[in-house]
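Coordinates in review
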Amino acid sequence: MPEWISVEEAQTAPGLRLVLTAGVPGPWGEAAKAIFHVKGLACPRVAQFAGQPNPALMAWTGEINAPQAILDDEPSRAHWSSLILLGERLAPDKPLVPEDPEQRAQMFGLLHELAGEGGLGWSRRLMLFSPLMELAPDHPGRQSVAPMAERYGYSKEASERAPERVADILGLMANQWSRQREAGHNYLIGDRLSALDLYWAAFAALIEPLPHEVCPMPAGLRAGYSQSHPTLDAALDTALLDHRQRIYDEWLELPIDLGPGFRP
Ligand SMILES: N[C@@H](CCC(=O)N[C@@H](CS)C(=O)NCC(=O)O)C(=O)O
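Attention in this report is confined to the structure presented alongside it.

The rules behind these values
- Residues numbered from 1 in each chain as written.
- Predicted model: local features only at pLDDT ≥ 70, side-chain atom pairs only at ≥ 80, totals over all residues.
- Heavy atoms only, no water.
- Core = buried A, V, L, I, M, F, W, Y, C linked by side-chain atoms within 4.5 Å.
- Buried < 20%, exposed > 50% of the residue type's maximum accessible area, 1.4 Å probe, protein only.
- Helix = DSSP H or I, 4+ residues; strand = E, 2+ residues; numbered from the N terminus.
- Domains from an automatic or database assignment.
- Near = heavy atom within 4 Å.
- Polar contact = N/O pair within 3.5 Å; in protein donor to acceptor, adjacent residues only side chain to side chain.
- Areas by Shrake-Rupley, 256 points an atom, 1.4 Å probe, with all protein chains shown as cover.
- Nonpolar A, V, L, I, M, F, W, Y, C, P; charged D, E, K, R; others polar.

**Let's talk about the nonpolar core**
- Ranked by internal contacts, the top residues of the largest apolar core, which has 80 residues, are Leu111, Leu170, Leu196, Leu198, Tyr199 and Trp200.
- Among the elements that make up this core, the one with the highest residue count is helix H8 (residues 156–182) (9 residues).
- The residue makeup of this core includes at least three contributed by each of domain 1 (4–90) and domain 2 (101–121 + 159–251).
- Ranked by size, the runner-up nonpolar core spans 10 residues in total, among them Ile5, Val19, Leu57 and Trp60.

Put into structure tokens, the structure is as follows:
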């Protein structure tokens with residue numbers, strides 16, 4: 001299990017460093033971890049605290065978001081696609097982006113639907129914020145998420161549209177998986193492991209988190225991540241959850257490392 005270092009230590013450390021949200025199996029962070037793990041790019045991890053100002057991190061990289069990958073003195077990479085492409089650059093011998101242009105375009109399209117603005121991650125996050133944002137303005141529960149909710153486009157209308165949007169994307173993934181199965185493939189794109197399998201494995205936590213024994217996340221957050229909704233339940237192909245389990249069993253770290261102080 002890679003070591004966790006402070007922002008101060010990370011600032012002067014050479015090579016690759018990965019900033020991750022402590023205590024939360026945030027899907028963007030889990031996907032970035034998966035990319036580097038599968039590629040054998042071991043690197044120290046740096047804790048970010050979701051919803052907090054993270055002043056030292058902001059001073060270092062100009063971003064309070066996580067994940068962020070910092071290579072030597074190069075600018076921080078925070079966007080999901082730039083993290084994938086950094087992995088391809090650093091370990092081209094273990095490609096996670098298909099060579100075939102059709103497959104490549106299809107993969108980045110589906111990845112955007114999972115991790116991009118307005119996609120499954122953003123929409124599920126709105127659903128997660130919704131019960132707290134419905135509380136009175138001075139309620140501590142609402143105040144704890146309001147800055148983030150505003151940062152990620154929260155409105156009552158957007159949160160009401162979110163279940164349909166998540167269901168649409170689950171439908172997309174289900175169709176892709178059944179086409180692949182029919183073609184005799186064991187992965188979501190092409191005939192081998194790709195970034196899409198890793199991002200699906202990470203973002204599936206927002207539909208059904210892995211059990212506490214392997215993912216010791218705070219109970220309140222687990223309730224939020226597991227929030228069921230009839231529209232989602234109807235759209236979910238549980239074979240995709242079996243695929244998530246297989247990807248974790250065959251390719252990824254378990255238990256999930258949520259940082260110092262968050263061990264199973
Ligand atoms: N940078 C990623 C998104 C990552 C992201 O949304 N991270 C959130 C997870 S909740 C975060 O760290 N938020 C911290 C905050 O807003 O305080 C991307 O655009 O692809």
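There is more to say, and it comes next.
**As for the site of the ligand**
- Surveying the vicinity of the ligand reveals 13 residues, the closest of which are Gly51, Asn65, Ala66, Ala78 and Tyr152.
- One nitrogen or oxygen atom from the main chain of Ala66 is found 2.8 Å from a nitrogen atom belonging to the ligand.
- Contact between the ligand and Ala78: a nitrogen atom at 2.8 Å from a main-chain N or O atom of the residue.
- Taken by itself the ligand offers 510 Å² of open surface, and the protein chains cover 89% of this.
- Its residues assigned to classes, the shell around the ligand shows 7 nonpolar, 4 polar and 2 charged.

The analysis is restricted to geometry; functional conclusions fall outside its scope.
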